[in-house]
Structure formats: structure tokens, C-alpha cells
Amino acid sequence: MGSGVPDVGWRLVKPSGHLPERVVTLINELIVAERLKPGDRLPPERELAVLLGVSRPVVREAVRELAARGQLSVRHGRGIFVETPRAAQDLRAAIAGEQVGLQELFDMREVLEVAAVGWAAANATDDDAAALREALDRLDEAATPESPDFSTLQLLDSAFHLKIVEIARNRFLLKTVGVLQDMMHASMQTTLSLPGRIQASSACHHEILDAIVAHDQAEATRAMRDHLESARTAALSRLEEKRRTVAD
């Protein structure tokens, strides 16, 4: 970019719906995709407003929301920085040390995401539905090549699930976004490359989207529970396969 700002994926925000929420979604997607990493400094408020095509008050409100989640911090006189919530740091350490297993990860994903999708179905606006559909379209597009990039798929899959959490509009749950992101990252690593898994996952995602659009809480929670159980079975099967290979 001519301004000298690193091109991490900034783009103009669509001038519709609740603009601060659209800015929150974009910044969160960049964090999920690791285009923005802990310690990175965002452009100054005025410059960020130009990059996104919104007003400074819109940027200010979005930054306030992300700071409340622990994803950003405003350091007076220094700027806006990407943070790693302490809970996410602790979870990363536990996963790295194999203190947390796949069963436990999926148990907690079910506790959090089944509740979240029910709230999302109750609260979703037309703009929310459009944003969720857009996230799923990007995921579907990345899944179409004969040899998809599994890292990209994993990031876009996480972005779809995290958008559901945003739509749920539960402030306490929003504070767990960093933790959820790490849970998803760890639990998806062993599944998306399995034969047929992308197609099965896509079918579930579309069921979830349709239920949210229809404000059908019962169907949304059923679809999410089935999706997570299917992913759990695939992940554990893959893990067992790897253990047998090592043993042989």
C-alpha cells in the first residue's frame, strides 16, 4: 500500500448493516488467519478508518469491543496492539504439553458452541445472516480445488465458527474467543485432510446456516451437535490410526 502500512489484508468494509460489527469481524478474521499476530501494532485510528472506508468513531467502537474481549489493547501514546488473552496462552501451553486431549477439547467445544449457535439463531439479524453466508462462501470456495490448501481451510473453518459466536451476542462467551480459536485449531488439525471430511463438514455448515437464518434454535443446536460429534469421531479415528502406525 502506498501509505507504507503492511498489507495484512485490510479491505474496505461494506457500507451496510452495523459498521462497527463489520470492522470487528474483519479484524477478528485477520487475527484468526494469523495475518495479525500478538504484539502487532495496528495502523493509527485515522489511517485505519481510511483503509476500511469508515469513520473514526466506527473504528473507535470496534476497537473498544475487541479490547473488551482481550484481543486488542490500546496503549496510550503508543497505539493499538494485538493481544493474546491469558486464557488462550494457558490453553496453548496445555495443548503443546499434551495435558489436554482431543476428547476434552471436543467436550468443551460442544459446551460452548452448541449454546452459542442456539443464541445465534435467536439473535441473528439479516446483516448477521449475510455475514455468516459470506464466511461460508469463502470456505466453500477454498474447498473446491482438487488439492485444497488445508491451512487456509482450517482458518476459514474457524472464522465461520467464530462468526457464530459473535452473532450469539453473549459478552462472556465473546471473552473466550481466543480460547475457542485455539480449541478449533487443535481439534481441526487431524480432521480436514481425511477423505470425505470436507464434504461432510460443508453439509453440516449449510444446515447450521439455514437453521440460524430461519431462527430455528432447536435445529441449529442439533446441527451443531451432530457436526461436532462427526468431527470428534473423525479426529479420534485419525489419532488412533497414527498411533497404530507408530506402533508398527
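Everything numeric in this text was worked out from a predicted model, so none of it was measured.

A. Examining the overall build of the protein more closely. Helix and strand counts for the protein come out as eleven helices and two strands. Mapped from its N terminus to its C terminus, the protein presents α and β elements in the order α-α-α-β-β-α-α-α-α-α-α-α-α. For the protein, the proportion of its 248 residues judged to be buried stands at 48%. Long-range pairs, those at least 24 residues apart, make up 74% of the contacts in the protein between residues at least 6 apart in sequence. Total accessible area on the protein is roughly 12400 Å²; 53% of this is exposed by carbon and sulfur atoms.

B. Region of interest: the pairing of strand E1 (residues 72-75). Strand direction decides the pairing type here: E1 and strand E2 (residues 79-82), joined by four bridges, are antiparallel. The partner of Ser73 across the bridge, within E2, is Phe81.

C. Just the nonpolar core, in detail. Within the largest apolar cluster, 25 residues are counted, with the highest numbers of intra-cluster contacts made by Val117, Leu132, Ile164, Ile208, Ile212 and Met224. Where this core is concerned, the elements lending two or more residues are helix H5 (102-123), helix H6 (126-143), helix H7 (150-168), helix H10 (197-213) and helix H11 (217-247). Residue contacts for Val117: discarding those within four places in its chain leaves Ile164, Ile208, Ile212, Ala220, Thr221 and Met224. Judged by nonpolar contacts, the second largest core, of 24 residues, contains Ala49, Val58, Val63 and Leu72.

D. Looking closely at the side chain of Lys163. Secondary-structure assignment places Lys163 in helix H7. Judged by its relative accessible area of 4%, Lys163 is buried. Those residues in contact with Lys163 that sit more than four places away from it in its chain are Glu21, Thr25, Ala131 and Leu132.

E. Inspection of the packing of aromatic side chains at higher detail. All told, the structure shown has zero aromatic pairs when counted by the stated rule. In this arrangement the basic side chain of Arg75 is found over the ring face of Phe81, its NZ or CZ atom lying 4.1 Å from the centre.

F. Layout of helix H1 (residues 19-32). Given a rise of 1.5 Å per residue, 14 residues ought to cover 20 Å, and the 20 Å separating the end C-alpha atoms of H1 matches this to within 8%. With 13 of its 14 residues buried, H1 lies for the most part within the structure. With its phi angle positive at about 60°, Glu34 sits one or two positions after the end of H1.

Scoring rules and cut-offs
Residues numbered from 1 in each chain as written. Predicted model: local features only at pLDDT ≥ 70, side-chain atom pairs only at ≥ 80, totals over all residues. Heavy atoms only, no water. Helix = DSSP H or I, 4+ residues; strand = E, 2+ residues; numbered from the N terminus. Buried < 20%, exposed > 50% of the residue type's maximum accessible area, 1.4 Å probe, protein only. Contact = heavy atoms within 4.5 Å. Areas by Shrake-Rupley, 256 points an atom, 1.4 Å probe, with all protein chains shown as cover. Pairing = 2+ DSSP bridges. Core = buried A, V, L, I, M, F, W, Y, C linked by side-chain atoms within 4.5 Å. Phe/Tyr/Trp six-rings, centres within 6.5 Å; stacked < 30°, edge-to-face > 60°. Lys NZ or Arg CZ within 6 Å of the ring centre and 35° of its normal. Expected span 1.5 Å × (residues − 1).

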